[in-house]
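The residues making up each chain are set out below.
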Amino acid sequence: MGAKSGQVTELLQLWSEGDTMAREELVPLVYDELRRMARHSLAGSGRDQTLQSTALVHEAYLRLVNHPSVHWDNRIHFFAVAAKLMRRILIDHTRMRRAKKRGGDSLTLVLDDAVALPGRREVDVIELDHALNALAALDERQCRLVELRFFAGLTIEETSQALDVSPATVKREWATARLWLLREMNRCASA
């Protein structure tokens, strides 16, 4: 993956400099990883889920390539932005479905054991979004950390690279953010 990773970073930097051919060459190199992220985001999303991983990848990629004046630092930065976009797409999709059904439909994510909240593997996407927005107001980096872990499926080490902090800092802030999110989501659910 090292050679591929270096090639992805090089193409991203060329794209940042305005090379549209680099953007086109990038697609086959990042597509599988974007699909893995989409499957991770949609894993266990309940049987009523109508958004498929392919559609999520395509929508995220379209938003990535249509972003004006983009500057990519490296592949981790690219995938971090993709994770944020996937979160937004899932939220928008869920809100649209709820509006059509007058609030009776939701999207529940079943989180992997490695990232699940203490005692709570299933989370409502809209509740999670509200909690993440509140967390961002308190600590933007912790919000980004959660996005990278929940929506991109990044490891502690990959997250530390994306945020440019030590793995120990990621572990400490990850533990804090998970507990804060659990408390916030429980508080909102009981309100």
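Thresholds applied
- Residues numbered from 1 in each chain as written.
- Predicted model: local features only at pLDDT ≥ 70, side-chain atom pairs only at ≥ 80, totals over all residues.
- Heavy atoms only, no water.
- Core = buried A, V, L, I, M, F, W, Y, C linked by side-chain atoms within 4.5 Å.
- Buried < 20%, exposed > 50% of the residue type's maximum accessible area, 1.4 Å probe, protein only.
- Helix = DSSP H or I, 4+ residues; strand = E, 2+ residues; numbered from the N terminus.
- Contact = heavy atoms within 4.5 Å.
- Phe/Tyr/Trp six-rings, centres within 6.5 Å; stacked < 30°, edge-to-face > 60°.
- Expected span 1.5 Å × (residues − 1).
- Polar contact = N/O pair within 3.5 Å; in protein donor to acceptor, adjacent residues only side chain to side chain.
- Axes fitted to C-alpha atoms, helices over the stretch in contact; angles between N-to-C directions.
- Parallel < 35°, antiparallel > 145°, perpendicular 65-115°, else oblique.
- Nonpolar A, V, L, I, M, F, W, Y, C, P; charged D, E, K, R; others polar.

Caption draft 1: Structural detail: the nonpolar core. Ranked by size, the top nonpolar core spans 61 residues in total, and within it Trp15, Leu34, Phe78, Phe150 and Leu181 carry the most contacts. The set of elements that each furnish at least two residues to this core consists of α1 (2–16), α2 (20–42), α3 (53–65), α4 (75–100), α5 (125–138), α6 (140–150), α7 (156–163) and α8 (167–190). When residues of this core are assigned to their parent elements, the largest contribution, 11 residues, is made by α4. Discounting residues that sit within four places of it in the chain, Phe78 has contacts with Leu12, Trp15, Leu26, Val30, Leu34, Tyr61, Leu64 and Trp72.

Caption draft 2: Representation of the packing of aromatic side chains. One pass over the full model with this rule turns up four aromatic pairs. For the pair Trp15 and Trp72, a centre-to-centre distance of 5.6 Å together with 45° between the ring planes defines the contact as tilted. Here the residue Trp15 occupies a position in helix α1, and Trp72 occupies one in the loop between α3 and α4, the gap between them amounting to 57 residues. The class of Trp15 is buried, set by a relative accessible area of 7%. You can call Trp72 buried: its relative accessible area is 2%. Ring centres 5.8 Å apart and planes at 85° place the aromatic pair Phe150 and Trp174 in the edge-to-face group.

Caption draft 3: Highlighting α5. Compared with an ideal rise of 1.5 Å per residue, which puts 14 residues at 20 Å, α5 spans 20 Å between its outermost C-alpha atoms and is within 8% of the ideal. For α5, the complete set of buried residues consists of Val125, Ile126, Leu128, Asp129, Ala131, Leu132 and Leu135. The residue sitting at the N-terminus of α5 and contributing the capping side-chain oxygen is Asp124; that oxygen lies 2.9 Å from the backbone nitrogen of Ile126.

Caption draft 4: How the structure looks around the side chain of Glu147. By the secondary structure assignment, Glu147 is in helix α6. Owing to a relative accessible area of 3%, Glu147 belongs among the buried residues under this scheme. Among the polar contacts listed, one links the side chain of Glu147 to the side chain of Lys84, at a separation of 3.1 Å. Setting aside residues up to four positions removed in sequence, Glu147 forms contacts with Ala83, Lys84, Arg87 and Ala152.

Caption draft 5: How the structure looks around the packing of α7 against α8. Running from amino to carboxyl end, α7 crosses α8 at an angle of 105°, the nearest separation of the two axes being 8 Å. With respect to each other, α7 and α8 are oriented roughly perpendicular. Seen from α7, the contacting residues are Ile156, Thr159 and Ser160; seen from α8, they are Pro167, Val170, Lys171 and Trp174. Here the contact of α7 with α8 is built from residues that sort into four nonpolar, two polar and one charged.

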